[in-house]
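For reference, the chains in residue letters:
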Amino acid sequence: MQKRISPNAAKFLTSLSVGIVITIFVLILSNIVMNRALRVSEKRYLDSCEQILKGYSNSIQLYIENYRTSLNSINNKKIFTSGSKDEIQEWLSKIDLSCYEDFSAIYFVDSEGMAYFTSGETEDLSDRTYLAKRTDASTSYFISDIFNTPFTDEPIIIIKQTIFSDNKKYCGSLCAAIEVNKFQKITDKIKIGNNCKVYLQDSNGIFVVHPDQKYVGKTYSPADEKYSHISSQAVSNSFSGFVETQDHENEIVDLFYSKIPECEWTMAISFPKSELESIFHQQKTTRILIVISCFIALIILLIIENIVLDCFYKRQLINTDYDSLTKLWTRQRFEIEATKLLRRYPKSKFMLVESDIRGFKFINQNYGEESADKMIYFYSALLNDITNDFHGIIGRGYADHFYTFVKITEVRKAMSVFKKAMEKVTEEVKKYDIQFFPKFGIAFLMPDNTNRDVTIQGLIGQASFAKSTIKDNLLTQYSIYNSRLLEQINREHFIENSMESAIEKNEFFVMYQPKIRLSDDKIVGAEALVRWRTTDMGLLTPDKFIPLFERNGFITKLDFYVYEQVFKFINNQIKEKNHIVPVSVNMSRNHSKPDKFMHDFMEIFNKYEIPPHLIQVEILERSFMDSETLKEITNQLHREGFSVAMDDFGSGESSLNMLTKIPVDVLKFDRDFLLSSTTETGMLESKAAKFIEILINLSKHLEKQTVFEGVETQAQRDFLRSIECDQAQGYFYSKPLAEPDFIQFIKMHS
Ligand code: C2E
Ligand code: CA
Ligand code: CA
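Heads up: these notes are all about the structure in this document.

Reading the values: rules and limits
- Residues numbered from 1 in each chain as written.
- Chains lettered and ligands numbered in written order.
- Predicted model: local features only at pLDDT ≥ 70, side-chain atom pairs only at ≥ 80, totals over all residues.
- Heavy atoms only, no water.
- Helix = DSSP H or I, 4+ residues; strand = E, 2+ residues; numbered from the N terminus.
- Rg over C-alpha atoms; globule rule 2.2 N^0.38 Å.
- Buried < 20%, exposed > 50% of the residue type's maximum accessible area, 1.4 Å probe, protein only.
- Contact = heavy atoms within 4.5 Å.
- Areas by Shrake-Rupley, 256 points an atom, 1.4 Å probe, with all protein chains shown as cover.
- Lys, Arg positive; Asp, Glu negative; His and termini not counted.
- Charge placed at Lys NZ, Arg CZ, Asp CG, Glu CD.
- Near = heavy atom within 4 Å.
- Polar contact = N/O pair within 3.5 Å; in protein donor to acceptor, adjacent residues only side chain to side chain.
- Nonpolar A, V, L, I, M, F, W, Y, C, P; charged D, E, K, R; others polar.
- Donors = N, O, S within 2.8 Å, 3.2 Å for Na, K, Ca; no water.
- Phe/Tyr/Trp six-rings, centres within 6.5 Å; stacked < 30°, edge-to-face > 60°.
- Pairing = 2+ DSSP bridges.
- Core = buried A, V, L, I, M, F, W, Y, C linked by side-chain atoms within 4.5 Å.
- Axes fitted to C-alpha atoms, helices over the stretch in contact; angles between N-to-C directions.
- Parallel < 35°, antiparallel > 145°, perpendicular 65-115°, else oblique.
- Left-handed = near helix turned anticlockwise from the far one by under 90°.

Below, the discussion takes up the overall build of the protein. Helices and strands together make up the secondary structure of the protein, namely 22 helices and 26 strands. The C-alpha atoms of the protein give 63 Å as radius of gyration, which overshoots the globular expectation for 750 residues (27 Å, by more than 25%). Expressed as lengths along the three principal axes of its C-alpha atoms, the size of the protein is roughly 195 × 55 × 45 Å. Across the 750 residues in the protein, those meeting the buried criterion constitute 46%. Taking all contacts inside the protein whose residues are at least 6 apart in sequence as the whole, residues at least 24 apart take part in 64%. Surface exposure of the protein reaches about 40300 Å², of which carbon and sulfur atoms provide 54%. With 89 positive and 100 negative side-chain charges, the protein shows a spacing of 5 Å between the two charge centroids.

Now the structure itself:
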């Protein structure tokens, strides 16, 4: 069996999957954006570290530049290249050391290694390694590595300018000693950021500047083995870069370093790793927050969407799915739900009941729309309760049409349940202010039905058809669709398609049933009865096509066709000088305009030369004309010389009152009179017989001729004769006869 997801679940699943897709999309997008942001901030971090490092480096370089300029101002090339020792000594003694704040000593060392100080002292410094480092003429200054001297407490560095004679001969070096703490002061002055630590180290990796004073003049190697290879010497040996390492406080740091231009020293700064991580951490939290808020926003959106859609959907439902008056399903929705049931239980039996109210149109017109609506509401509630009892579904169609669809186990059982339910409905309906009578059409769907693939619309059609076959009398309340009815549908379909051409092909013809005077059994008249000789279905009697023609209106056309046939026949008989009796023709209930009827009738009649007393028109009491109009047409027919009979008198709801109102000449008593008063033995029931006798007497008093239809037995004939009924028409005397037989019959019974 095919499983179907309910629309609500489908809606929820759709929303959910859309939600998930959007969430994943947002996640991916936020990840991309955040990663990008992280990369950008990481790059910014690196860039700004490099900038800071560059800042420090430049400052140190500037100071060194400054020292060089100062040293340059002291340089007297002439004296230092060609002056005597005294001249050198004298030149130096003129220099005021206090003018050179950072220099702790200034001295000239001649080519033999003898140093001459500004203080006037001399000393042999020929063993000093920094003196051996001779720069060439172009970069004629040099900064030494850090070292300690016995003369100062602080370690120092030497800045040295090498002096050459014009012929590039080495003449000596002008030197200045600077205590390294001067550099510490420089870096302190330009302190950037709180967490940044600044290092300056010489070409051997010995610290000139170090945040921890005790490392000044020393090298450093991290304690952790992982970083031990990143010693200060190792850093000195590379030009620039950044590494992760461990500082003297055992903190993991990012170390940025770079050689100071034109010098062997290295400037380095470090930032605690935790610093960067806290930035990253912040960003990570932001990312998670974004994702969470996206998700929450999404869920809120989904909920809102669901609520909005629900409202919208419900509104739609009210408009298209629920009937505004009864709050039941509309036919449309009913069909959808019933179809679902059919699909869910493909092997089950189902019962579809269509019901409506007799003469609802009439109720609507007479009591007003509001009362009719109230009645519909009352009836719908009743049907709804009963349907619910049987776990069925119900819907309302147009006006008073209701549909019920129930899964059943057995047709027989379902019918007995239905009948009980119908009794209950009838009981309840009786309590209502306005009297109304529902009727029901039933269709069954069986698992072995050849038409199992019938749609709900098809089933409704069947139930509807069954209902339409219910006669006007109140005895039948329901009708069940069956294959016989299906045959009828097909037949009616065929009839409707071929009736027009049947007239052209003269397939309709007339038979004549004699009317016999009971006093002497002589023929005194006949009734013209139409027959249809079809090519496909053989000979059809009027009961097969007249009810349909009454429904589709074709009967009025057929009536005139029959009249023409009858007039033609009589006219021929007259011409041939054959004896002829008055013939009565039937006027269908569909004619509603007397003037039009008379006009058309006379137009045909006048084509022939027939004395009007040979024609009788049988009118129906329950025609579409009201009694006033019937009276009018009777008068008009009388005026033209025709006689008029009231057909089917006593059937249905005839009222004796009519007898006085409509001036007909003949009363044709309905066949039902005899049928219902004749016992199984063929004898007449005394009470019924008495009633008929009274009616015949009454008719005589009213000066109406009396004809009895459907006389089949001698007993009936004898009875009618005994009560002095005028004429009889029935199989006892003759069936309807074809023209030649009828002519023969007249000859024999005149
Ligand atoms: P109706 O006008 O009451 O006609 C009498 C019907 O009773 C005829 O049926 C006739 O054959 C039948 N009948 C006569 N005697 C007996 C009898 O002893 N026993 C039984 N069982 N039946 C008897 P038919 O010809 O089938 O006509 C049926 C109905 O069709 C007619 O009832 C009439 O209402 C209608 N009809 C027939 N021909 C025409 C027509 O040309 N125009 C119109 N508008 N209606 C027609
Ligand atoms: Ca008749
Ligand atoms: Ca009749």
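Read on, since the account is not over.
Let us look at the site of ligand 1. As a structural note, the neighbourhood of ligand 1 is formed by 21 residues, with Gln513, Asp559, Arg671, Glu712 and Tyr731 the closest of them. Contacts to ligand 1 include Arg531, whose side-chain N or O atom sits 2.9 Å from an oxygen atom. Between Asp647 and ligand 1, the recorded distance is 3.2 Å, taken from a side-chain N or O atom to an oxygen atom. Considering ligand 1 on its own, with 790 Å² of exposed area, one finds that the protein chains cover 83% of that surface. Sort the elements by how many residues they give to the shell around ligand 1 and strand β19 (residues 522-533) lands first, with four residues. In the shell around ligand 1, the residues fall into eight nonpolar, five polar and eight charged.

A few words on the coordination of the calcium ion (ligand 3). For the calcium ion (ligand 3), the full set of protein donor atoms is Asp647 (OD), Asp648 (OD), Glu709 (OE) and Glu709 (OE), at a range of 2.2 to 2.4 Å. Between consecutive donor residues of the calcium ion (ligand 3), the sequence gaps follow D-D-x60-E. Between the calcium ion (ligand 3) and the calcium ion (ligand 2), a separation of 3.9 Å is found, and both are coordinated by Asp647.

Now for the coordination of the calcium ion (ligand 2). At the metal site, the calcium ion (ligand 2) is ligated by Glu527 (OE), Asn586 (OD1), Glu618 (OE) and Asp647 (OD), and these contacts range over 2.1 to 2.3 Å. Motif for the calcium ion (ligand 2), donor spacing along one chain: E-x58-N-x31-E-x28-D. The partly exposed category is assigned to Asn586, whose relative accessible area is 24%.

What follows deals with the packing of aromatic side chains. All told, the structure shown has 47 aromatic pairs when counted by the stated rule. Aromatic side chains Phe242 and Phe256 sit 4.9 Å apart centroid to centroid with 10° between the ring planes, which places their arrangement in the stacked category. With Phe242 in strand β9 (residues 240-246) and Phe256 in strand β10 (residues 252-259), this pair connects stretches of sequence that are 14 residues apart. Looking at Phe242, the relative accessible area reads 41%, which means it is partly exposed. A residue is classified by how much of its surface remains accessible, and Phe256, at 1% relative accessible area, is buried. Ring centres 5.3 Å apart and planes at 90° place the aromatic pair Phe601 and Phe642 in the edge-to-face group.

On to the pairing of strand β1 (residues 103-110). Along a regular strand, successive side chains alternate from one face of the sheet to the other. Counting buried positions along β1 yields seven of eight residues, so the element is predominantly enclosed. Bridge count between β1 and strand β6 (residues 170-179): seven bridges; the pairing is antiparallel. By the bridge assignment for β6, Ile106 is matched with Ala176. Pairing of β1 with strand β2 (residues 114-117) involves three bridges; the strand directions are antiparallel. Note on β2: the bridge partner recorded for Val109 is Ala115. Following β1, the chain reverses through three residues before pairing antiparallel with β2; Gly113 in that reversal takes a positive phi of roughly 95°.

To continue, consider the side chain of Ser173. Summarising the element assignment, Ser173 is placed in strand β6. Taking relative accessible area as the criterion, Ser173 reaches 0% and is therefore assigned buried. A polar contact of 2.8 Å, which involves the side chain of Ser173, links it to the side chain of Tyr170. In this structure Ser173 touches Tyr107, Phe108, Val109, Leu131, Lys160, Gln161 and Thr162, once residues within four positions along its chain are discounted.

Our focus in this paragraph is the nonpolar core. One finds Phe508, Phe549, Phe601 and Phe708 to be the most contacted residues of the largest nonpolar core, which totals 80 residues. Excluding residues within four positions of it along the chain, Phe601 makes contact with Phe560, Tyr563, Phe567, Ile615, Val617, Leu637 and Phe642. Counting residues in hydrophobic clusters, the runner-up holds 49 residues, among them Ile143, Ile163, Ile178 and Val198.

Another point: the packing of helix α15 (residues 555-575) against helix α16 (residues 594-605). Two elements in contact, α15 and α16, have axes whose closest approach is 9 Å; the angle formed by their N-to-C orientations is 30°. Judged on the interaxial angle alone, α16 and α15 are roughly parallel. Pair α15 / α16 crosses with right-handed handedness. The residues of α16 that touch α15, namely those facing Phe560, Tyr563, Glu564 and Phe567, are Phe597, Asp600, Phe601, Ile604 and Phe605. For the contact of α15 with α16, the class distribution of residues is seven nonpolar, no polar and two charged.

Function-wise, these values are silent; they only describe arrangement.
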